[in-house]
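# A structural walkthrough
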Amino acid sequence: MTALPGDVPELAERAAAVRVAVVGGGVAGLVAATEIAAVGMHATVFEAAPVAGGVVRRGEADGIAFDAGAESFATRGGHVQALLEDLGLAERIVDPAPGGAWLAGIPGVGAAPLPRGGILGIPENPFAEDVRRIIGWRGAWRAYVDRLRPPLTIGHDRSLGHLVRSRMGARVLDCLVAPVTTGVHSAHPDTIDTEVAAPGLNAALTRAGSLSGAVASLRADAARKTAAPRSGAEPARAPGAAVRGIDGGMAVLVDALVARLGGLGSEVRTGSSVVGLARDADAWVVRFEAPDPRPRPADADIDASTEGGDALVAKERFDAVILAADEATTRRLLSPHVSALDAIPAGDAPHIEIITLVLDAPALDASPRGSGVLTVPGSHTAKALTHATAKWPWLRTAAGDRHVVRVSFGSQGEEPTTSGLDDDAAARLAMAEAAAMLGVALPASALRGSFRARFTQSQPTAAIGAADRRAAAARVIAAGHRLAATGAWLSGTGLAQVVPHARAEAERLRHALLWG
């Protein structure tokens, strides 16, 4: 968080008179708002949901609090760790317990541990026992053809699916790569941009002459970097430890951001849905719905009325606006003001449902399938499962002799199977899927409680064309008057991308307001 230098009181006085509206109270909006408030400006965050956090949210069942959405953050770049340290949460950062994931729904095999030594499921050695166990001898020999292909045909394939299928065959693609990209990116490999999902893979492919050789080269480079001494804030960890979490759950980050904003004299208004934006000279007029009247600053320009039943509809003037909502909401609000945005195609945003189960199931005490399970597309109605109490020691302590299991449904172009079910039916389906994926019997009596969360996920970061589309949208929004926008649909998904993007957009707007 950046504050104004102490030797420029005139800037501090100017900043104190500035009011900025932030539409959306997810992590992107909260981070952007804290950057605005850090220089003395007043930030007002409007969040339509009853609580802030967006996809970072807390769930509860049978007296246990857990992550109902995002459960970890990627360590790359060190951005999220730096934010947590700034918020005084460094001592609460935790690593997941050791233990790999499994694959389920493998034709002719059933389930097996996810092989080690690969990138996005692409094996370094197709004849390794843990790989051959999944793809069989026939699949291994087909994958070996990769070593015999002429090098002039490689090094330029954009589609990950096409690359893997042509180099190593359908068995590697369907049984190793597709489960990983569907579980991690919510997208089939055919729609994944190779260079975005695995930076440097195409270049390494050209150098090594084979896809398996490229994987080996990139993994060796990563191992060397991990082993090298580090001077930065991000500590060295073993290869593969790419995510970390927070003791108590990722919602602890949201709580800290909201508290920081309050301490800086700014505010978060939950249950307040922005329904329109209008320009009034240099000001922006924000129209929003709230369930009941709330106290407002004495000098605020407010015109409240009642529309559509008992909801309070008010309008309030701000000097600038940051859009930190989902893509559909941002486009709707900006359409009258940024017409060029309408010419840029919207991303395909998959709907995701996560059903979290609290189970009394002694059969899970030994974590029979590691920290979680990915499924071969088409083999199960669920795409992935996380055995959360096996993955996070803090949650295992909180749960005692119970187990917390998260079952995920939905992917790009595929509506969640649970979407048409009521909560009880969705929990029963999740139980059945969990039993099948974990390979244990889970009778109805084992269910102690459940929690259901639905998300509209941004288009996968690695989708072909997504980066160009995001860049084009960002350019036209940045040209708007005293306007900024952030969030996963512009930054790319994941807190490691959301946090620095939100900070950069807030800084750009701050600069324009103070010096523009």
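Parameters and conventions
- Residues numbered from 1 in each chain as written.
- Predicted model: local features only at pLDDT ≥ 70, side-chain atom pairs only at ≥ 80, totals over all residues.
- Heavy atoms only, no water.
- Axes fitted to C-alpha atoms, helices over the stretch in contact; angles between N-to-C directions.
- Helix = DSSP H or I, 4+ residues; strand = E, 2+ residues; numbered from the N terminus.
- Parallel < 35°, antiparallel > 145°, perpendicular 65-115°, else oblique.
- Contact = heavy atoms within 4.5 Å.
- Nonpolar A, V, L, I, M, F, W, Y, C, P; charged D, E, K, R; others polar.
- Pairing = 2+ DSSP bridges.
- Expected span 1.5 Å × (residues − 1).
- Buried < 20%, exposed > 50% of the residue type's maximum accessible area, 1.4 Å probe, protein only.
- Arc of directions from axis to C-beta.
- Patch = residues over 30% accessible without salt bridge, like charges linked within 9 Å, V, L, I, M, F, W, Y side chains within 5 Å.
- Areas by Shrake-Rupley, 256 points an atom, 1.4 Å probe, with all protein chains shown as cover.
- Salt bridge = Lys/Arg side-chain N within 4 Å of Asp/Glu carboxyl O.
- Phe/Tyr/Trp six-rings, centres within 6.5 Å; stacked < 30°, edge-to-face > 60°.
- Lys NZ or Arg CZ within 6 Å of the ring centre and 35° of its normal.
- Left-handed = near helix turned anticlockwise from the far one by under 90°.
- Polar contact = N/O pair within 3.5 Å; in protein donor to acceptor, adjacent residues only side chain to side chain.
- Core = buried A, V, L, I, M, F, W, Y, C linked by side-chain atoms within 4.5 Å.

For the protein chain, an unreviewed UniProt entry supplies the name FAD-dependent oxidoreductase and the organism Microbacterium resistens.

## Section: the packing of helix α4 (residues 129-144) against helix α5 (residues 160-168)
Remark: α4 packs on α5, axes separated minimally by 6 Å, with the N-to-C direction vectors making an angle of 100°. One finds that α4 runs roughly perpendicular with respect to α5. Contacts from Gly139, Arg142 and Ala143 in α4 reach Arg165, Ser166, Arg167 and Met168 in α5. Residue composition of the contact of α4 with α5, grouped by class: two nonpolar, two polar and three charged.

## What about the pairing of strand β8 (residues 110-113)?
Where strand β7 (residues 102-106) lies against β8, four bridges are found, and the strand directions are antiparallel. Within β8, the position partnered with Ile106 by the bridge is Gly110. The antiparallel hairpin formed by β7 and β8 contains three residues in its connecting segment, where Gly108 sits at a positive phi of about 75°.

## Regarding helix α15 (residues 466-478)
For α15, built from 13 residues, the straight-helix expectation of 18 Å at 1.5 Å per residue is met to within 8% by its first-to-last C-alpha distance of 18 Å. Looking only at α15, the buried set comprises Ala466, Arg469, Arg470, Ala472, Ala473 and Ile477. The buried residues of α15 occupy an angular sector of 165° when projected down its axis, which confines them to one face. Away from the buried face of α15 by more than 90 degrees, exposed residues Asp468 and Arg475 are located. Contact partners of the buried residues in α15: α11 (327-334), β23 (483-485) and α16 (488-491).

## Describing a nonpolar patch on the surface
On the surface, a nonpolar cluster with roughly 500 Å² of combined accessible area is contributed by Trp137, Trp141, Tyr144 and Leu148. Among the secondary structure elements, Trp141 is positioned in helix α4.

## Observations concerning the packing of aromatic side chains
Here the structure, examined in full by the defined rule, presents seven aromatic pairs. Ring centres 5.9 Å apart and planes at 85° place the aromatic pair Phe46 and Phe318 in the edge-to-face group. Pair noted here: Phe46 is in strand β2 (residues 42-47) and Phe318 is in strand β16 (residues 312-318), with a separation of 272 residues, a long-range link. The two residues Phe46 and Phe318 agree in class, both being buried. A connected cluster of aromatic rings, assembled from ring pairs, spans Phe127, Trp137, Trp141 and Tyr144. Here the guanidinium or amino end of Arg279 rests over the ring plane of Trp284, the centre of that ring lying 5.6 Å away.

## Overview of the sheet that holds strand β11 (residues 243-246)
One open sheet accounts for three strands, arranged β5-β11-β6; its pairing is antiparallel. The open sheet has two edge strands with one neighbour each: β5 (73-74) and β6 (93-94). Inspection of the sheet shows β5 paired to β11 by two bridges, in the antiparallel sense. Paired with Phe73 across the bridge in β11 is Arg244.

## Description of the pairing of strand β3 (residues 58-61)
Here β3 shows one buried face, formed by Gly59 and Ala61, and one open face, formed by Arg58 and Glu60. Between the end of β3 and the start of strand β4 (residues 64-67), which pair antiparallel, lie two residues, with Asp62 showing a positive phi angle near 50°.

## A short note on the packing of α5 against helix α6 (residues 170-185)
It is the contact of α5 with α6, at a shortest axis distance of 10 Å, that shows an interaxial angle of 155°. Classified by the angle their axes make, α5 and α6 are roughly antiparallel. With respect to the hand of their crossing, α5 and α6 are arranged in right-handed fashion. Touching Leu160, Gly161, Val164, Arg165 and Met168 of α5 are Val172, Leu173, Val177 and Thr181, all from α6. The class makeup of the residues in the contact of α5 with α6 is six nonpolar, two polar and one charged.

## With respect to the side chain of Glu327
Mapping Glu327 onto the fold places it in helix α11. Of the residues examined, Glu327 reaches a relative accessible area of 9% and is grouped as buried. One polar contact links the side chain of Glu327 to the main-chain amide nitrogen of Gly347, over a distance of 3.3 Å. In this structure, Glu327 is in contact with Pro345, Ala346, Gly347, Arg469 and Trp489, ignoring residues within four places of it in sequence.

## Points about the nonpolar core
Membership of the largest hydrophobic core comes to 45 residues, with the highest contact counts inside it found for Val20, Val27, Met41, Leu84, Leu253, Leu257 and Ile322. Among residues more than four places away in sequence, those in contact with Val27 are Gly53, Val56, Leu253, Val254, Leu257, Leu495 and Val499. Ile135, Cys175, Leu201 and Ala384 belong to the second largest nonpolar core, which has 36 residues in total.

## Notes on the sheet that holds β8
An order of β8-β7-β19-β20-β21-β18-β22 is seen for the seven strands of this open sheet, with the pairing classed as mixed. At either end of the open sheet lies a strand with only one pairing partner, and these are β8 and β22 (447-456). Strand after strand, the sheet turns through a mean of 20° between neighbouring axes, direction not considered. Bridge analysis of β7 against strand β19 (residues 372-375) gives three bridges, and the strand direction is parallel. Counterpart to Trp102 in the pairing with β19 is Val373. In this fold α4 packs onto β7 and β8, with an angle of close to 150° to the strand it touches most, β8. Where helix α14 (residues 423-438) meets the sheet, its contacts fall on β7, β18 (351-359), β19, β20 (384-387), β21 (403-409) and β22, and the angle it forms with β18 comes to roughly 75°.

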